[in-house]
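Overview (structure and organization)
Take a look at the letters that make up each chain.
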Amino acid sequence: DVKVTQSSRYLVKRTGEKVFLECVQDMDHENMFWYRQDPGLGLRLIYFSYDVKMKEKGDIPEGYSVSREKKERFSLILESASTNQTSMYLCASRRTGGNTGELFFGEGSRLTVL
Amino acid sequence: GESVGLHLPTLSVQEGDNSIINCAYSNSASDYFIWYKQESGKGPQFIIDIRSNMDKRQGQRVTVLLNKTVKHLSLQIAATQPGDSAVYFCAENIGPAGNQFYFGTGTSLTVIP
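Read on for an overview of the structure. These numbers were taken from a predicted model, which means no experiment stands behind them.

**Details of the overall build of chain B**
Check the secondary structure of chain B and you find zero helices and 11 strands. Ordering the α and β elements of chain B from the N terminus gives β-β-β-β-β-β-β-β-β-β-β. Computed over C-alpha atoms, the radius of gyration of chain B comes to 13 Å, within 12% of the 13 Å expected from 2.2 N^0.38 for 113 residues, which places it in the range of a compact globule. Seen through its C-alpha atoms, chain B measures out along the principal axes to roughly 45 × 30 × 20 Å. Burial analysis of chain B (113 residues in total) assigns 44% to the buried set.

**Structural notes on the nonpolar core**
Core analysis: the largest hydrophobic core is formed by 21 residues, its most contacted members being Trp34, Ile46, Leu76, Leu78 and Tyr89 of chain A. For this core, the elements supplying multiple residues, two or more each, are β3 (19–25), β4 (31–38), β5 (42–49), β8 (73–78), β9 (87–94) and β11 (109–113) of chain A. Residue contacts for Leu76 of chain A: discarding those within four places in its chain leaves Val19, Phe20, Leu21, Trp34, Ile46, Tyr64, Ser65, Val66 and Tyr89 of chain A. One finds Cys23, Ile48, Ile50 and Leu73 of chain B within the second-largest nonpolar core, a separate group that totals 20 residues.

**Structural notes on the packing of aromatic side chains**
The geometry of an aromatic ring pair is captured by the separation of the ring centres together with the interplanar angle, meaning the angle of the planes. All chains considered together, the criterion is met by 11 aromatic pairs over all chains. Seen in terms of ring centroids, Phe105 of chain A and Phe103 of chain B are 6.1 Å apart; in terms of plane orientation they differ by 75 degrees. Their pairing is edge-to-face. Residue Phe105 of chain A is located in strand β10 (residues 104–105), and its partner Phe103 of chain B is located in strand β10 (residues 100–103); the two belong to separate chains. Of the two residues, Phe105 of chain A and Phe103 of chain B, both sit in the buried class. The interplanar angle of 45 degrees and the centroid separation of 5.9 Å between the aromatic rings of Tyr36 of chain B and Phe103 of chain B together place this pair among those described as tilted. Remark: Phe103 of chain B occurs in strand β10 and Tyr36 of chain B occurs in strand β4 (residues 32–38); sequence separation between them is 67 residues. Residue Tyr36 of chain B is classed as buried on the basis of its relative accessible area, which comes to 0%. Through pairs of rings, three or more aromatic residues link up here, namely Phe33, Tyr35, Phe48 and Phe105 of chain A together with Tyr36, Phe46 and Phe103 of chain B.

**A few points about the environment of Ile50 of chain B**
All names here are of chain B. Tracing the chain through its elements places Ile50 in strand β5 (residues 45–51). Here the alpha-carbon distance between Ile50 and Leu73, two residues 23 residues apart in the chain, equals 9.6 Å. Once residues lying within four places of it in the same chain are set aside, the contact partners of Ile50 are Asp31, Tyr32, Phe33, Asp55, Lys56, Arg57, Val64 and Leu66.

**A look at the sheet that holds strand β7 (residues 65–70) of chain A**
Residue and element names in this part refer to chain A. The strand order β1-β3-β8-β7 describes an open sheet built from four strands, whose pairing is antiparallel. With one partner strand each, in any of the chains shown, β1 (4–6) and β7 form the two edges of the open sheet. Averaged over all adjacent pairs, the angle separating strand axes in this sheet is 20 degrees, with direction ignored. Direction of pairing for β1 relative to β3: antiparallel, over a ladder of three bridges. Bridge assignment links Thr5 to a residue of β3, and that residue is Val24.

**Here's the deal with the interface of chain A and chain B**
With 24 residues of chain A at the interface, the matching set in chain B holds 22 residues. Counting the surface lost from both chain A and chain B, the interface buries some 1,700 Å², and carbon and sulfur atoms represent 49% of this. Between chain A and chain B we count zero salt bridges in total. Among the secondary structure elements, those contributing two or more residues to the side of chain A that touches chain B are β4, β5 and β9 of chain A.

Cut-offs applied
- Residues numbered from 1 in each chain as written.
- Chains lettered and ligands numbered in written order.
- Predicted model: local features only at pLDDT ≥ 70, side-chain atom pairs only at ≥ 80, totals over all residues.
- Heavy atoms only, no water.
- Helix = DSSP H or I, 4+ residues; strand = E, 2+ residues; numbered from the N terminus.
- Rg over C-alpha atoms; globule rule 2.2 N^0.38 Å.
- Buried < 20%, exposed > 50% of the residue type's maximum accessible area, 1.4 Å probe, protein only.
- Core = buried A, V, L, I, M, F, W, Y, C linked by side-chain atoms within 4.5 Å.
- Contact = heavy atoms within 4.5 Å.
- Phe/Tyr/Trp six-rings, centres within 6.5 Å; stacked < 30°, edge-to-face > 60°.
- Pairing = 2+ DSSP bridges.
- Axes fitted to C-alpha atoms, helices over the stretch in contact; angles between N-to-C directions.
- Buried area = accessible area lost by both parts, 1.4 Å probe.
- Salt bridge = Lys/Arg side-chain N within 4 Å of Asp/Glu carboxyl O.

What follows is the structure, encoded as structure tokens:
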């Protein structure tokens, strides 16, 4: 069974803390993504990566950074968490080419910043 | 920016009835569309996709219709079951590398037993 695994389902952090969200996929996918999901706004792309050590900004990269040192792992970093970063964070992966272009999502990490 | 939206934020249907969830998109250049289902507390799951060279695609109990003239797509669920209760998103694929997906805000489907 193919999987995208997010290390933390629920996190509570304080303003100013550094936050790491980890994501691992076991499908050997080239592309990985971080989205945040907020009520009424849908899913918004923060960053994506199409190869190891490569990254591209999405629509809302401000306040975030990412790291992709290995193909299977894509980390989202909040250098100094703020309350407006309270959200559900979704990691996804996708294969380049093939018959379908579907994104495979993890279960999500719900972050609360106090 | 791109706009991918849904006509109704909520939809309630009787068990056994057919459900239709609609989605509008704004970019004529989009060539790939996906419907996702998201159950409470879970990540989105792929339901069905369609490319712009098709008007209709069928899966198991689901059908996606694409009308490029009015930039509209719909998801039809036949014989809706309680397990179909979830939020449904359409996603539009934009970008030369195919990595720019834009998601609608979602329609919450409630199936009444």
